[in-house]
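Each chain, written out:
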Amino acid sequence: MHLSDKAKSSHLYSEDLRPTPMEERHWGTWDLAAIWVGMAVCIPTYLLASYMIKDGFSWLEAIFIIALGNIIVTIPMVLNGHAGVKYGVPFPVIGRSSFGINGIHIPSVLRGLVACGWFGIQCWIGGLAVYSIGTTLMGIEPDTALTFGKFIGFAIFWLLNVYFIWNGMESIRWIEKSTAPILLIMGILLIIWGATNVGSFSKVLENSNQYAVPTAVMSDKGIAINTITDKDGNKKAQEYRLITNGKEGNWQKIPANQIIPFSSNVNAELPAIQFKANDAISSQVAVQAAKTDNEQQGSRFWKYLMWLTAMVGFWATMAISIADITRHSKTQKEQVAGQFIGLPTTMILYSFVGIFVTCAAATIFNDVLVLEDSPWDPVTLIGKLDNPWVIVLAQIFMIIATLSTNIAANVIAPANAFSNISPKNISFQKGGIIAAIIGIITCPWWLMDEISGLLIFVSSFLGPILAILIGDYFFIRKTAISTEDLFLTDGKYTYQNGYNIKAFIAFIAGVATALIGYFVPSLSVLYSSSWFSSFAVSLLVYYLFSYRDR
């Protein structure tokens, strides 16, 4: 991987982007597995898994979708990681061969901006944990609204991230390897907590079946309700009231058959319903219209497809930029083993933790009367505990988990992407600081509720990038790339003024395929499966345009 003086003097070269020599590669199988433990054990993983229960899936269905999605995404992850090991350069450099020395800025910055958005979200989540510690230690009640204290917590956690950014890749490797065992232990402790308080491990899973049924559905006989039971199987809710056209009715006792008498005109707006038990009052839940068997089956199919796409899209960004990490590995065997050990297994394990603990918490807490009010994220769950020192310790674990995820998943890629814009002027550290600042500008406190929809939308742009990278590297170049030309302004990867037009035609074709499904309802399957549809179209188009270049 020796570069000529001409390549080193090029404005495309910098010490941060140069091929990593073998003597500087210290990431073995377990380092790569540890970095995936650090990235996968995070609150968004927990949220996605628990939201699947909220969306009507059984725990077994949710785990199946999660396992399938993560096995699928690990395959292109390993394929794309091959170039990082072989040539020792990060994604923005290896991508010059397929997109051109200037064209690569578009996909790399796009990928970087997505990471910046996630960086901000993770910083906000970590900041909420800091805020929770502060309110617990000061003995004050946490506020559900946006407060100055939450922004202070956000600032503290943001600065903690900046510290590791400034200290570079070896500090990142250290924190990932150090925190991996702590994060796994935390997951096991959460499962023990849930099983102990409900009665047994199997009892939690048995109780979880009730969460696949909607809280309130309109039927011929009235409104069929499904409120949460306690650990002994007794319904916790005792009374209900209907909210019709914004007007609250009187509290009434829930009938023994769990069906509330109600008649409604076909075109009338369905009411909302609220439940009560002692001093606990649930949030208002919209009554759903009954569906036919065919409608239920069709709806369930689209839910499967949507969530599978979301699961693949969850790590689609990392699949694109995985060479940023695998360039520090010595052998292909290590990167393949490390990624397959680390990614699918950790996602399955921690997703199960999220599902299990969410179901347990819904049973345990007396003020949770309907599934909609269950503590879906661990920060909220921990905040409901009684012992202040347990809360502080648990929130420290949350901070560790969020920090390890944020640094590895949302800093390395944008740092390299921004550095690649002007290698001589922007170092890895400066690129990371730029990413951190953009993370603030994205206003993550407003993005939190849009995660799953955002993942599907972003997937339509990321699938084509990955397809072009893999198609070019394996099918067109047969893994043979000129490292020298990656750093030359007049080399073979200059194309047309630094842009490979074929790659961008394929990219546009893939994105357009997915977005057609967004705007044309009859083709919605293309959008619901955006990562798959856009990936396939871009791969095919790029191959057809480039096969003569082989």
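Residues numbered from 1 in each chain as written. Predicted model: local features only at pLDDT ≥ 70, side-chain atom pairs only at ≥ 80, totals over all residues. Heavy atoms only, no water.

Draft legend 1. Molecular detail of the pattern of salt bridges. In total, this model carries 6 salt bridges according to the counting rule given. Note that Arg241 is salt-bridged to Glu248, the shortest N-O span being 3.4 Å. Of the residues examined, Arg241 reaches a relative accessible area of 15% and is grouped as buried. By relative accessible area, Glu248 is classed as partly exposed at 48%. With a shortest N-O distance of 2.8 Å, Asp472 and Arg477 are connected by a salt bridge. A relative accessible area of 1% places Asp472 in the buried class. Salt bridges sharing partners connect three or more residues here, namely Glu15, Arg18 and Glu24. (Salt bridge = Lys/Arg side-chain N within 4 Å of Asp/Glu carboxyl O. Buried < 20%, exposed > 50% of the residue type's maximum accessible area, 1.4 Å probe, protein only.)

Draft legend 2. Quick look at the environment of Ala195. Assignment of secondary structure puts Ala195 in helix H9 (residues 168-198). On a C-alpha basis, the gap between Ala195 and Ile223 in space is 33 Å, while along the polypeptide they are 28 residues apart. In this structure Ala195 touches Ser200, Phe201, Val204 and Phe356, once residues within four positions along its chain are discounted. (Helix = DSSP H or I, 4+ residues; strand = E, 2+ residues; numbered from the N terminus. Contact = heavy atoms within 4.5 Å.)

Draft legend 3. Representation of the packing of helix H4 (residues 59-87) against helix H14 (residues 332-364). Two elements in contact, H4 and H14, have axes whose closest approach is 9 Å; the angle formed by their N-to-C orientations is 155°. Regarding the angle of H4 to H14, the classification is roughly antiparallel. Handedness of the crossing formed by H4 with H14: right-handed. For the contact of H4 with H14, a count of residues per class yields 19 nonpolar, 8 polar and 1 charged. (Axes fitted to C-alpha atoms, helices over the stretch in contact; angles between N-to-C directions. Parallel < 35°, antiparallel > 145°, perpendicular 65-115°, else oblique. Left-handed = near helix turned anticlockwise from the far one by under 90°. Nonpolar A, V, L, I, M, F, W, Y, C, P; charged D, E, K, R; others polar.)

Draft legend 4. Seen up close, the environment of Ile476. Mapped onto the secondary structure, Ile476 falls in helix H19 (residues 451-476). Classification of Ile476 as buried rests on a relative accessible area of 5%.

Draft legend 5. Up close: the environment of Phe340. Counting through the fold element by element, Phe340 comes out in helix H14. Judged by its relative accessible area of 34%, Phe340 falls in the partly exposed class. Sequence-wise, Phe340 and Trp36 are 304 residues apart; in three dimensions their C-alpha atoms are separated by 9.4 Å.

Draft legend 6. Representation of the side chain of Ser419 within the structure. Topologically, Ser419 is positioned in helix H17 (residues 412-421). On the basis of relative accessibility, which here comes to 0%, the residue Ser419 falls in the buried class.

Draft legend 7. Just helix H8 (residues 148-166), in detail. Under the 1.5 Å per step criterion, the end-to-end length of H8 is 27 Å for 19 residues, consistent within 8% with the ideal 27 Å. Of all the positions in H8, only Lys150, Gly153, Phe154, Phe157, Trp158, Asn161, Val162, Phe164 and Ile165 are classed as buried. Against helix H7 (105-138), H9, helix H16 (388-410) and helix H18 (428-441) lie the buried residues of H8. (Expected span 1.5 Å × (residues − 1).)

Draft legend 8. Representation of the packing of aromatic side chains. In the structure shown here, the tally under the stated rule is 26 aromatic pairs. Considering the side-chain rings of Tyr473 and Phe474, the 4.9 Å spacing of their centres and the 85° angle between planes classify their relative orientation as edge-to-face. Its relative accessible area of 4% is what places Tyr473 among the buried residues. Judged by relative accessible area, which is 21%, Phe474 ranks as partly exposed. (Phe/Tyr/Trp six-rings, centres within 6.5 Å; stacked < 30°, edge-to-face > 60°.)

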